[in-house]
Structures are given as structure tokens and as C-alpha cells.
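Geometric and topological summary
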Amino acid sequence: AEVPRAMLHVVLVAGIVALCAHAAIETYGHWESGLRPGDSSYGAVVYMLAALQGFFAVTIAVMGLYTLARSLAGLLHAQRRVTFDNTRLLWNYTVAQALLAAAVVHLFPRLTG
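Reference entry: report on the structure contained in this document. (Residues numbered from 1 in each chain as written. Predicted model: local features only at pLDDT ≥ 70, side-chain atom pairs only at ≥ 80, totals over all residues. Heavy atoms only, no water.)

1. Some details on the side chain of Gln 53
Along the chain, the position of Gln 53 falls in helix 2 (residues 41-72). The buried category is assigned to Gln 53, whose relative accessible area is 3%. Filtering out sequence-adjacent residues up to four positions away, Gln 53 remains in contact with Leu 19, His 22, Ala 23, Thr 94, Gln 97 and Ala 98. (Helix = DSSP H or I, 4+ residues; strand = E, 2+ residues; numbered from the N terminus. Buried < 20%, exposed > 50% of the residue type's maximum accessible area, 1.4 Å probe, protein only. Contact = heavy atoms within 4.5 Å.)

Here it is, written out as C-alpha cells:
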């Protein structure tokens, strides 16, 4: 069963917004808490992971918008799906990396005391 094209567009845009919002909120939350990258090695790691997530969020936003544009132009279908597949692969990696980074930043300090 093929997913309706309009549903693909809505999910793609919502995913881009969610991924970019996550990166921004995560960074802003640490900044507002008073954590600074120059204060400790933990602060440096937190901001390095936030910057990495921000980079991937921007990359996914560009790739997602490009995929959306190709789909709207009728250039994305069952025989020409490499754009979608490449975006999906990087998207999956980005989400997995974000979950791992969140575990390192939020769970590790709680588990170690």
C-alpha cells in the first residue's frame, strides 16, 4: 500500500520542524541552566554533542526540503526514489545519534551520582 503523497509531505515537514526544535531546545535549555562549555569537561561535551546534533538537524532540514521539492515537482516515485532513500538513511542515523547523545547527557550523570 502506497502512502498518499500529501501524507508524505506533512510528515516530512513535521519531522524537520521537530528535529530542528529538539536541537534548539536542548542547547537553549543547557545555556539557561548556567552550564557553559568553558566551565568543565562535562559542559564541553554537552555543547559538542548539541553542536553535532544541530549540524545534523540543519543537514536533514536541507535534505528534507530537497526531497519535498522533488516530490512536489513529481520527480520522486517508485522508480526514482534514491533522494527519499538517502534522506531516510541519514534521518534514521540522526535520530539514533540524538537518542544516544540524550542518554549520555541526561542519563549518565544521574546514574553516576
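Next comes the rest of the description.
2. A closer look at the environment of Ile 16
Within the fold, Ile 16 resides in helix 1 (residues 5-32). A C-alpha to C-alpha distance of 25 Å links Ile 16 and Leu 107, two positions 91 residues apart in sequence. Ile 16 has contacts with Ile 60, Ala 61, Gly 64, Leu 65 and Trp 91, leaving out every residue within four places of it along the chain.

3. Points about the nonpolar core
Counting 9 residues, the largest nonpolar core is built from Leu 12, Ile 16, Leu 19, Ala 23, Ala 57, Ile 60, Ala 61, Leu 68 and Trp 91. Of all elements in the fold, only helix 1 and helix 2 reach the threshold of two or more residues within this core. With residues near it in sequence (within four places) discarded, Ala 23 still touches Gln 53, Gly 54 and Ala 57. In this structure, Leu 35, Val 46, Tyr 47 and Leu 49 belong to the second largest nonpolar core, which totals 6 residues. (Core = buried A, V, L, I, M, F, W, Y, C linked by side-chain atoms within 4.5 Å.)

4. A few points about the packing of aromatic side chains
Counted by the stated rule, this structure contains 3 aromatic pairs. Where Phe 55 meets Phe 56, the ring centres are 5.3 Å apart and the plane angle is 65°; that geometry is what we call edge-to-face. Judged by relative accessible area, Phe 56 falls into the buried class, the value being 13%. Taking the centre distance of 5.4 Å and the plane angle of 70° together, the rings of Phe 56 and Tyr 93 count as edge-to-face. Of this pair, Phe 56 sits in helix 2 while Tyr 93 is found in helix 3 (residues 82-112), placing the two residues 37 residues apart along the sequence. For Arg 36, the ring lying beneath its charged end belongs to Trp 31, and the centroid distance is 3.6 Å. (Phe/Tyr/Trp six-rings, centres within 6.5 Å; stacked < 30°, edge-to-face > 60°. Lys NZ or Arg CZ within 6 Å of the ring centre and 35° of its normal.)

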